[in-house]
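# Notes for the structure review
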Amino acid sequence: GDERVQGCETLVKALVEKGHLQSKEVVQRQNLLRDLWSSLQKQIHKRGQKLRDAAEFHKCSQDLADALTHIEEKRKSIPDDIASDRQSVQAQLHVHEGLEHELSGVEQL
């Protein structure tokens, strides 16, 4: 792209220096080419930025969906009932402390 535009610039310059009869028209067309090339580069840059922004949004959205799914799974894993004997209560407490520990690591993210 840039090389081709630069090649045209060189050709136009050579024609103008030689005093070509259509130098004025060639210079006008070259100016148009330069303007359109600049406009195209700006459009490409803007589109690239929009695509990067969209990718960032979708990654964030997916991370949020994953976190919500994880939280819902953990919420469902917590039993509503409390065991009626000491050994079962201790087992439930052990599982509960593991869940608390796991969730404290998630909070730091």
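This brings us to the overall build of the protein. Counting secondary structure elements, the protein contains three helices and zero strands. From first element to last, N terminus to C terminus, the protein shows the α and β order α-α-α. Here the C-alpha atoms of the protein give a radius of gyration of 33 Å, more than 25% beyond the 13 Å that 2.2 N^0.38 yields for 109 residues. Over its C-alpha atoms, taken along the principal directions, the protein stretches across nearly 105 × 15 × 15 Å. Within the protein, the fraction of its 109 residues that count as buried is 6%.

Two side chains carrying opposite charge are able to pair once their charged atoms lie near each other. Tallying each qualifying case throughout the model produces four salt bridges. For the salt bridge of Arg34 with Glu9, the shortest nitrogen-to-oxygen distance reads 2.8 Å. Residue Arg34 is located in helix H2 (residues 23–77), and its partner Glu9 is located in helix H1 (residues 2–17); the two are separated by 25 residues in the primary sequence. Taking the relative accessible area as the measure of exposure, Glu9 reaches 24% and is therefore partly exposed. Put simply, Lys74 and Glu102 hold a salt bridge, and the shortest N to O gap is 3.2 Å. Of this pair, Lys74 sits in helix H2 while Glu102 sits in helix H3 (residues 86–107), and the two are 28 residues apart along the sequence.

Low pLDDT means the predicted atomic positions in that stretch should not be read closely. Looking at the protein as a whole, the pLDDT averages 90, with 96% of positions reaching at least 70. Confidence scores differ between elements of the protein, with H3 showing the lowest mean pLDDT of 84 and H2 the highest of 95.

Conventions and cut-offs
- Residues numbered from 1 in each chain as written.
- Predicted model: local features only at pLDDT ≥ 70, side-chain atom pairs only at ≥ 80, totals over all residues.
- Heavy atoms only, no water.
- Helix = DSSP H or I, 4+ residues; strand = E, 2+ residues; numbered from the N terminus.
- Rg over C-alpha atoms; globule rule 2.2 N^0.38 Å.
- Buried < 20%, exposed > 50% of the residue type's maximum accessible area, 1.4 Å probe, protein only.
- Salt bridge = Lys/Arg side-chain N within 4 Å of Asp/Glu carboxyl O.
- pLDDT = per-residue confidence, 0-100.

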